[in-house]
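Fold and contact review
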Amino acid sequence: LKGGVTPLKQGELLVQPDLAATIGRLQKHGEREFYEGKTGQLIAADMASNGGSITLEDLKGYKAIAREPLTS
């Protein structure tokens, strides 16, 4: 939504500078940027200011585990 109210019209450019900056940091610093770098800090700060429960320490301690999908 443009200005948070009006839908974009077909062909209008959607500019997301925060997302672009995040992708740039991930490209430059690698995946740990998401958990330990500025991106992780921004996530933790947003969580803290909006009643979320994820902390920077939670993000720093996160380790992805590949698992076989469940089937039934």
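Model, not experiment: these values are computed from the prediction. Just so you know, the residues in each chain are numbered from 1, in the order the chain's sequence is written. For this predicted model, a pLDDT threshold of at least 70 governs which residues receive local features, and a threshold of 80 or more governs which side-chain atom pairs are given and counted, while totals over whole chains, interfaces and linings are taken from all residues. Hydrogen atoms and water are omitted, and side-chain values are computed over all heavy atoms in the structure.

**Here we look at the packing of aromatic side chains**
Our working definition: A pair of aromatic rings is counted whenever rings of Phe, Tyr or Trp (Trp by its six-membered ring) have centres within 6.5 Å, and the orientation is called stacked for planes under 30 degrees apart, edge-to-face for over 60 and tilted otherwise. Buried means the residue's accessible area, taken with a 1.4 Å probe over protein chains only, is under 20% of the maximum for its type, while exposed means over 50%, and partly exposed covers the values in between. By the criteria applied, helices consist of DSSP H or I runs no shorter than four residues and strands consist of E runs no shorter than two, each listed in order from the N terminus.
Applying the stated criterion to the full structure yields two aromatic pairs. An angle of 80° between the planes, with centres 5.1 Å apart, marks the rings of phenylalanine 34 and tyrosine 35 as edge-to-face. Note on phenylalanine 34: relative accessible area 34%, which makes it partly exposed. Since its relative accessible area comes to 18%, tyrosine 35 is described here as buried. When the centroid spacing of 5.4 Å and the interplanar angle of 25° are considered together, the rings of tyrosine 35 and tyrosine 62 count as stacked. Of this pair, tyrosine 35 sits in helix α2 (residues 32-36) while tyrosine 62 sits in the segment after α4 (56-61), and the two are 27 residues apart along the sequence. Judged by its relative accessible area of 41%, tyrosine 62 falls in the partly exposed class. Linked through ring pairs, Phe34, Tyr35 and Tyr62 together constitute an aromatic cluster.

**What to know about helix α3 (residues 38-49)**
The criterion, for reference: Expected helix span is computed as 1.5 Å times (number of residues minus one). By definition, residues are in contact when any of their heavy atoms lie within 4.5 Å.
For α3, which comprises 12 residues, the first-to-last C-alpha distance of 16 Å matches the rise-based estimate of 16 Å (1.5 Å per residue) to within 8%. Contact partners of the buried residues in α3: α1 (17-29), α2 and α4. Looking at the residues trailing α3, positive phi occurs at glycine 51, about 75°.

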